[in-house]
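Breakdown of the fold
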Amino acid sequence: LSTPEAEERFWMVFGGVLLTVLVLQVLSNWANDVGDFENGADGKDRLDRAVASGRISSHQMRRGVILASAMAFILGVSTVIFALHGTGLLWASSLIVLLGLSGIAAAYCYTAGNQPYGYAGWGDAAVFLFFGWIGVGGTAFLLAHSWSWTWLLPGTLTGGLSVAVLNLNNMRDHLTDAAAGKRTLPVRYG
């Protein structure tokens, strides 16, 4: 039976997850903007990019990335605490927080840092994992307080759609990516 308290809790947790995901997406986009500029995939001709076009500096974008990372962490941990408080699922809380930290690191390290994994061709796997299985499975666990392997099915769908969007962007950028040594799937397949 659903009670008004349970329904309110559901919407609070769901809202927390949505806010966290929104901030993670912003973080990912900002890290990609500064990372692709600093690693040579985006030049001054990319007027749709904030750093490459000169609208803001790399330093300013990095501060934004740090702020978005902190916001994602605070929102994520708050949502996990609210969702699982009093359930006795301490191990699960710890695992979800670790997955969240991994998501923050993955958002940054895709194209930014010294050895971005997106330049080695691992972006598709990370997008599938974090936007698919981890995102859907983690959200469902926070709402249901239990695990079901069936959640991997909708996670596969959302992960696949997310990879499709990534590949559309990578197809658009395949020439500049190839010149910068960014070995995305479209670059690898020609």
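Structure: above.
First, a word on scope: everything that follows refers to the structure included in this document. Values in this document were obtained by computation on a predicted structure and should not be read as measured data.

Okay, the packing of helix 1 (residues 4–38) against helix 2 (residues 58–84) next. One way to put it is that helix 1 packs onto helix 2 with a least axis distance of 8 Å and a crossing angle of 160°. On the basis of their axis angle, the class for helix 1 and helix 2 is roughly antiparallel. Of the two possible hands of crossing, helix 1 and helix 2 adopt the one that is left-handed. Of the residues belonging to the contact of helix 1 with helix 2, the class tally is 20 nonpolar, seven polar and four charged.

Attention shifts here to the environment of Asn114. On the secondary structure map, Asn114 appears in the loop between helix 3 (90–109) and helix 4 (123–144). Along the sequence, Asn114 and Ile74 sit 40 residues apart, while their C-alpha atoms lie 26 Å from each other.

This part takes up the layout of surface pockets. As a volume, the second largest pocket reaches approximately 220 Å³. Only helix 3 and helix 4 provide two or more residues apiece to the lining of the second largest pocket. Partitioned by chemical class, the residues of the lining of the second largest pocket number 10 nonpolar, two polar and no charged.

We now examine unusual backbone geometry. Of note, the phi angle at His145 is positive, near 65°, even though the residue is not glycine. For His145, the location among the structural elements is in the loop between helix 4 and helix 5 (152–172). For His145, a relative accessible area of 29% corresponds to the partly exposed category.

Moving on to the pattern of salt bridges. Across all of its chains, the model carries eight salt bridges by this definition. A salt bridge links Arg62 to Glu38, with the shortest nitrogen-to-oxygen separation between them at 2.3 Å. In this pair, Arg62 is assigned in helix 2 and Glu38 in helix 1, connecting sequence segments 24 residues apart. Judged by its relative accessible area of 38%, Glu38 is partly exposed. Between Asp173 and Arg172 there is a salt bridge, with its nearest N and O atoms 2.7 Å apart. Taking relative accessible area as the criterion, Arg172 reaches 48% and is therefore assigned partly exposed. Connected via shared salt-bridge partners are Asp36, Asp42, Arg46, Asp48, Arg49, Arg172, Asp173 and Lys182.

Using the criterion set out here, one finds eight aromatic pairs in the structure. Relative to Trp11, the ring of Phe10 lies with its centre 4.9 Å away and its plane at 90°, an arrangement referred to as edge-to-face. Through a chain of ring-to-ring contacts, the aromatic side chains of Phe10, Trp11 and Phe14 assemble into a single cluster. Over the face of the ring belonging to Phe82 we find Arg9, whose NZ or CZ atom lies 5.0 Å from the ring centre. Over the aromatic face of Tyr119 sits the side chain of Lys182, whose NZ or CZ is 5.4 Å from the ring centroid.

Reading the values: the criteria
Residues numbered from 1 in each chain as written. Predicted model: local features only at pLDDT ≥ 70, side-chain atom pairs only at ≥ 80, totals over all residues. Heavy atoms only, no water. Axes fitted to C-alpha atoms, helices over the stretch in contact; angles between N-to-C directions. Helix = DSSP H or I, 4+ residues; strand = E, 2+ residues; numbered from the N terminus. Parallel < 35°, antiparallel > 145°, perpendicular 65-115°, else oblique. Left-handed = near helix turned anticlockwise from the far one by under 90°. Nonpolar A, V, L, I, M, F, W, Y, C, P; charged D, E, K, R; others polar. 1 Å grid on protein atoms, 1.4 Å probe; cavity = no way out; pocket = protein on both sides within 12 Å on 5 of 7 lines; lining within 4 Å. Points joined across faces, edges and corners; volume = space filled by probe spheres on them. Buried < 20%, exposed > 50% of the residue type's maximum accessible area, 1.4 Å probe, protein only. Salt bridge = Lys/Arg side-chain N within 4 Å of Asp/Glu carboxyl O. Phe/Tyr/Trp six-rings, centres within 6.5 Å; stacked < 30°, edge-to-face > 60°. Lys NZ or Arg CZ within 6 Å of the ring centre and 35° of its normal.

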